[in-house]
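Spelled out, the chains give:
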Amino acid sequence: MSQGQQAQDLRMQELSTEVAALRRVVQARHHVPGSPSGSSSAGIPPSLASGSARPTAEDLDAIAQRMATLLKESGALAMGSREAEPPAPPPPLSPEQRESAARAGSLVERVVSSGRMTAEDVLEIRHELSQIRDRAEAAELRRRLVVAINQNRLIPSGEADGLP
């Protein structure tokens, strides 16, 4: 048996175990006894529930769909399903931050146009970007550097400890 087949078999076993655990949770919440026909309330065929058959991908999809339906009906999914509020826009840059962003932008333009970035350039850009850390402006300048490097338009110094 190949490693791929072994991994697939292992994943199928894990999924079967997860589905069985979910079924037990739902049954415990609703105190649902097993049906007289031998199938469970989670919609698992008796052959799968008994372990005598291996579930197919379609079986697992059907089981997952049934479990989602049961969880929705029970209200278990409603607890944390409120619409997430969009994040508040970041505050505007201060005058000092705008100056740092402008200086960092000039430095990035200079190194990209020269095609070389020294360790000193990295330190200068880092210093300026530290003033606007976690801002879209800083991410955009870093993105421009990475794109230039990936397109072989910019060669970073081997002496630099990473990128800005």
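Counting from 1, residues in each chain are numbered in the order their sequence is written. Predicted model: local features are reported for residues with pLDDT of at least 70 only, side-chain atom pairs are reported and counted for 80 or more only, and whole-chain, interface and lining totals are derived from all residues. No hydrogens and no water enter the side-chain calculation; it runs on all heavy atoms of the structure.

> Describe helix H4 (residues 95-114), listing the residues and the values that go with them.
Helix and strand definitions here come from DSSP, where helices need a minimum of 4 consecutive H or I residues and strands a minimum of 2 consecutive E residues; each element is numbered from the N-terminal end. To estimate how far a helix should reach, multiply one less than its number of residues by 1.5 Å. Under the 1.5 Å per step criterion, the end-to-end length of H4 is 29 Å for 20 residues, consistent within 8% with the ideal 28 Å. For the exposure calls, accessible area comes from a 1.4 Å probe over protein chains only, and a residue counts as buried if that area is under 20% of its type's maximum, exposed if over 50%, partly exposed in between. Among the residues of H4, Ser100, Ala101, Ala104, Gly105, Leu107, Val108, Val111 and Val112 are the ones counted as buried. Within H4, the buried residues cover an arc of 165° as seen down the axis, which keeps them to one side. Once H4 finishes, glycine 115 follows within two positions and takes phi at roughly 85°, a positive value. This arc corresponds to the set of directions leading from the helix axis out to the C-beta atoms.

> Describe in detail the environment of arginine 126, supporting the description with residues and values.
By the element assignment, arginine 126 lies in helix H5 (residues 119-130). Sequence-distant contacts of arginine 126, defined by excluding residues within four places in its chain, comprise Asp161, Gly162, Leu163 and Pro164. In this structure the side chain of arginine 126 is engaged in a polar contact, spanning 3.3 Å, whose partner is the backbone oxygen of leucine 163. When checking whether two residues touch, look at their non-hydrogen atoms; a contact exists if any pair is within 4.5 Å. Under this definition, polar contacts are N or O atom pairs within 3.5 Å; protein pairs additionally need one hydrogen-donor-capable and one acceptor-capable atom, and for neighbouring residues in sequence, both atoms have to be side-chain atoms.

> Outline the side chain of serine 100, supporting the account with residue identities and numerical values.
Residue placement: serine 100 occurs in helix H4. Residue classification places serine 100 among the buried residues on the basis of a relative accessible area of 2%. Within polar-contact distance, the side chain of serine 100 engages the side chain of glutamate 128 at 3.2 Å. Those residues within four positions of serine 100 in sequence are excluded, and the remaining contacts are Glu128 and Gln131.

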